[in-house]
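As a plain string of letters, each chain reads:
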Amino acid sequence: MSSSAPSPAAWPRGWRRPSWLSDPKVLRTEVLAGLVVALALIPEAISFSIIAGVEPAIGLFASFTMAVTIAVVGGRPAMISAATGAVALVIAPLNREHGFGYLVAAVILAGVFQIVLGALGVARLMRFVPRSVMVGFVNSLAILIFMAQVPELTDVPWAVYPLVAAGLALMVFFPRVSRVVPAPLVSIVILTVITVAAGIAVPTVGDKGALPSSLPVPGLPDVPFTMDTLTTVAPYALAMALVGLMESLMTAKLVDDITDTRSSKTRESVGQGIANIVTGFFGGMGGCAMIGQTMINVRVSGARTRLSTFLAGAFLMLLCVVFGPVVSDIPMAVLVAVMVMVSFATFDWHSVSPKTLKRMPAGEIGVMVITVACVVTTHNLAIGVVVGSITAMVIFAKRVAHLADVTAVTDPDHATTVYRVTGALFFASSNDLVGRFAYATDPDKVVIDLSAAHIWDASSVAALDAIETKYAQRGKTVEITGLNEPSARMHRTLTGELTGSD
């Protein structure tokens, strides 16, 4: 007599049974989370389609294919990828100037770039993003999510405001009654029913644009396959690839911290590329990880597996194609309430508390503020992260440069002077090193002890060469001692090779 389910020994090698297959509670959480995210994706995808200058169906198709594909090939479980505003802003000029076919070609090429960058290990660059930049990234995302809701609250019927307030109240207090069903879903269902039953005239999802009535079909982009086309789309594709990867990897790191788990950033990079290629062949506008929907999925709804990501995409198409008329009646005010709640939950309030600010170094606070200011001003997360990281590196270099010190000890018979150098020697600290020696008054033999120092770059070797040259011009000899192995190797390789003299 055979059992109905395969035993663990019968599963494919390396395959681990998902938790939602054996735990009904996990399954329920993942299914409901996927449904909530799908509902929240619809107006967002339509809005991003408008930004990119394409029909609403294009953004919805992109969200569907991105979510379903990344659920299989991505590295971060429970993270939501779909059409995004960052990508829409990058490719909008290409669509406006050359047409939709070129946009699709750029999406496919961006996917290829992302796979190449992922294979080259671009994900490892994430370790150079300081915590202060990460905090600034999170806080600026929360601000952008909130700011995106402001247009939905201006020049609207008065009934919108009590609906938003009621939605927020339901999401705050309903979890105290029950957590079986996600509070955002409860809020959407209850307020939609009330609005429709009472005939309250407020903006709805349907007002954003027509929902698709059929599934997308694959096809090639309608462009001439020439070198001229490649040179036209390549700059946009590369920009999209970089922006998409940066936003996706930062979001993945944030989810890692929230869930206290690790994910493969290299697999995520490659997965984003595959998802964009698939999306391009299905006529979508491309995308990347979505911080707002990811926070709904992970933080608000409690999802933790790939199932929620897959179902978010599947439910999105199901809702549009099968239940389009019903979904069109959902008040935008309810979805605004959901996103406001997400904004509040995303913001790191601890980072701006007086107690934290009092203890935090001024440089760290400055980096966080600069990151937030850049992102909010440009509405571009990539620019904020890059500027914040560069600022942090400059502050770090300036701080470390002051740690290099030189102390001199002359022996009793004044035959030898020993200079003990301590700290990190690199371009910022070694520039002042040459001026720390008494070339004219030192005895004929000088020892430079580097046992408490480390040579990091060619600038430091050049500085040591300059010191030796200045002593040699006065007929004095210099002995460099105490080099650790990496420093000695760099010194041997570069000494005497950094000037134009033979």
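Residues numbered from 1 in each chain as written. Predicted model: local features only at pLDDT ≥ 70, side-chain atom pairs only at ≥ 80, totals over all residues. Heavy atoms only, no water.

Looking at the pattern of salt bridges
Put simply, the test is: Salt bridge, as applied in this entry: a Lys or Arg side-chain nitrogen positioned within 4 Å of an Asp or Glu carboxyl oxygen. Secondary structure elements are defined from DSSP: runs of H or I of at least 4 residues count as helices, runs of E of at least 2 residues count as strands, and each element is numbered from the N terminus. Note on classification: 1.4 Å probe, protein chains only; a residue is buried when its accessible area is under 20% of the maximum for its type, exposed when over 50%, partly exposed between these limits.
Tallied over the full model, the rule gives 8 salt bridges. Two residues, Arg-76 and Asp-256, come together in a salt bridge whose shortest N-O distance is 2.5 Å. Here the residue Arg-76 occupies a position in the loop between helix 3 (56–73) and strand 1 (81–82), and Asp-256 occupies one in helix 9 (residues 227–259), the gap between them amounting to 180 residues. Comparing Arg-76 with Asp-256 shows no difference in burial state: the two are buried. Glu-485 is the salt-bridge partner of Arg-492, the closest N and O atoms lying 3.7 Å from each other.

Concerning the pairing of strand 3 (residues 405–410)
We count it as follows: Here, a strand pair is defined by DSSP locating no fewer than two bridges between the strands.
Inspection of the sheet shows strand 3 paired to strand 4 (residues 416–425) by 6 bridges, in the antiparallel sense. Bridge pairing in strand 4 links Thr-407 to Arg-420. Between strand 3 and strand 4, which follow one another and run antiparallel, lie 5 residues, and His-414 among them has a positive phi close to 60°.

Details of the pairing of strand 4
Sheet topology note: the strand 4/strand 5 (residues 445–455) ladder contains 9 bridges and is parallel. If you follow Ala-424 over to strand 5, its bridge partner there is His-454.

Points about the confidence of the model for the chain
Heads up, the rule is: Per residue, pLDDT captures the predictor's confidence, and it can take any value from 0 to 100. Working rule for contacts: check all heavy atoms of both residues, and any pair within 4.5 Å makes them a contact.
Per-residue confidence for the chain averages 88 on the pLDDT scale, and 96% of its residues sit at or above 70. Here residues 1–5 scores under 50 on pLDDT; set against residues more than four positions off or in separate chains, the count is 0 contacts.

So, the packing of helix 6 (residues 131–149) against helix 14 (residues 332–346)
Put simply, the test is: Note on geometry: axes are C-alpha line fits, over the in-contact stretch for helices, and angles between N-to-C directions span 0 to 180 degrees. For this classification, under 35 degrees means roughly parallel, over 145 means roughly antiparallel, 65 to 115 means roughly perpendicular, and everything else is oblique. By definition, any crossing whose near helix is turned counterclockwise from its far helix by less than a right angle is left-handed, and any crossing with a clockwise turn is right-handed. In the scheme used here, Gly and all other residues not listed as nonpolar or charged are polar, with Ala, Val, Leu, Ile, Met, Phe, Trp, Tyr, Cys and Pro taken as nonpolar and Asp, Glu, Lys and Arg as charged.
Close contact between helix 6 and helix 14 brings their axes to 8 Å; oriented N to C, the two are set at 160°. As the angle between them shows, helix 6 and helix 14 are arranged roughly antiparallel. Every pair of crossing elements has a handedness; the one defined by helix 6 and helix 14 is left-handed. Between helix 6, through Val-138, Ala-142, Ile-145, Phe-146 and Gln-149, and helix 14, the contact on the second element is made entirely by Val-336, Met-339, Val-340, Val-342, Ser-343 and Thr-346. A breakdown of the residues in the contact of helix 6 with helix 14 according to their chemical character gives 8 nonpolar, 3 polar and no charged.

Here's the deal with the packing of aromatic side chains
When we look at a pair of aromatic rings, we describe it by the centre distance and by the angle of the planes. Condition: In summary, the pairing rule links any two rings of Phe, Tyr or Trp, Trp by its six-membered ring, whose centres are within 6.5 Å, and it sorts them by plane angle into stacked for under 30 degrees, edge-to-face for over 60 and tilted for everything else.
Scanning the entire structure with this criterion turns up 7 aromatic pairs. Between the aromatic rings of Phe-347 and Trp-349, the centroid separation amounts to 4.5 Å while the plane-to-plane angle is 45°, which identifies the pairing as tilted. Judged by relative accessible area, which is 46%, Trp-349 ranks as partly exposed. Each ring, one from Phe-437 and one from Tyr-439, has its centre 6.3 Å from the other, and the planes form 35°; the classification is tilted.

Here we look at helix 20 (residues 485–494)
In an α-helix, one turn spans 3.6 residues; hence positions three or four apart end up facing the same way. As a reminder, the rule being used: Throughout, the arc means the angular range of directions from the helix axis out to the C-beta atoms.
Within helix 20, burial applies to Ser-487, Ala-488 and His-491. Buried residues of helix 20, viewed axially, fall in a sector of 100°; they line one side. Just past helix 20, the residue Gly-496 takes up positive phi, approximately 80°.

Section: empty space enclosed by the protein
Note the following rule: Cavities and pockets were defined on a 1 Å grid built over protein atoms only: a cavity is a set of grid points that admits a 1.4 Å probe from which the probe cannot escape, a pocket is an open set flanked by protein on both sides within 12 Å along at least five of seven lines, and lining residues are those with an atom within 4 Å of any such point. Grid points are joined across faces, edges and corners, and a volume is the space filled by probe spheres set on the points.
Under the criterion given, the structure shown has 2 cavities of 30 Å³ or more. Quantified by volume, the largest cavity comes out at close to 40 Å³. Around the largest cavity, the lining residues are Ile-70, Ala-71, Arg-76, Pro-77, Ala-78, Met-79, Glu-268, Arg-306 and Thr-309. If you list the elements that add at least two residues to the lining of the largest cavity, you get helix 3 and helix 12 (306–321). Taken together, the residues that form the lining of the largest cavity break down as 5 nonpolar, 1 polar and 3 charged. What the second largest cavity holds in volume is close to 30 Å³. Looking at the second largest cavity, the residues that line it are Glu-152, Val-160, Val-202, Pro-203, Met-332 and Ala-333. For the lining of the second largest cavity, the class distribution of residues is 5 nonpolar, no polar and 1 charged.

Details of unusual backbone geometry
The phi dihedral of Ala-78 falls on the positive side, at around 75°, and the residue is not glycine. For Ala-78, the position within the fold is in the loop between helix 3 and strand 1. Owing to a relative accessible area of 1%, Ala-78 belongs among the buried residues under this scheme. If you check the backbone angles, Asp-260 has positive phi at about 55° while not being a glycine. Note that Asp-260 resides in the loop between helix 9 and helix 10 (265–281). Since its relative accessible area comes to 70%, Asp-260 is described here as exposed.

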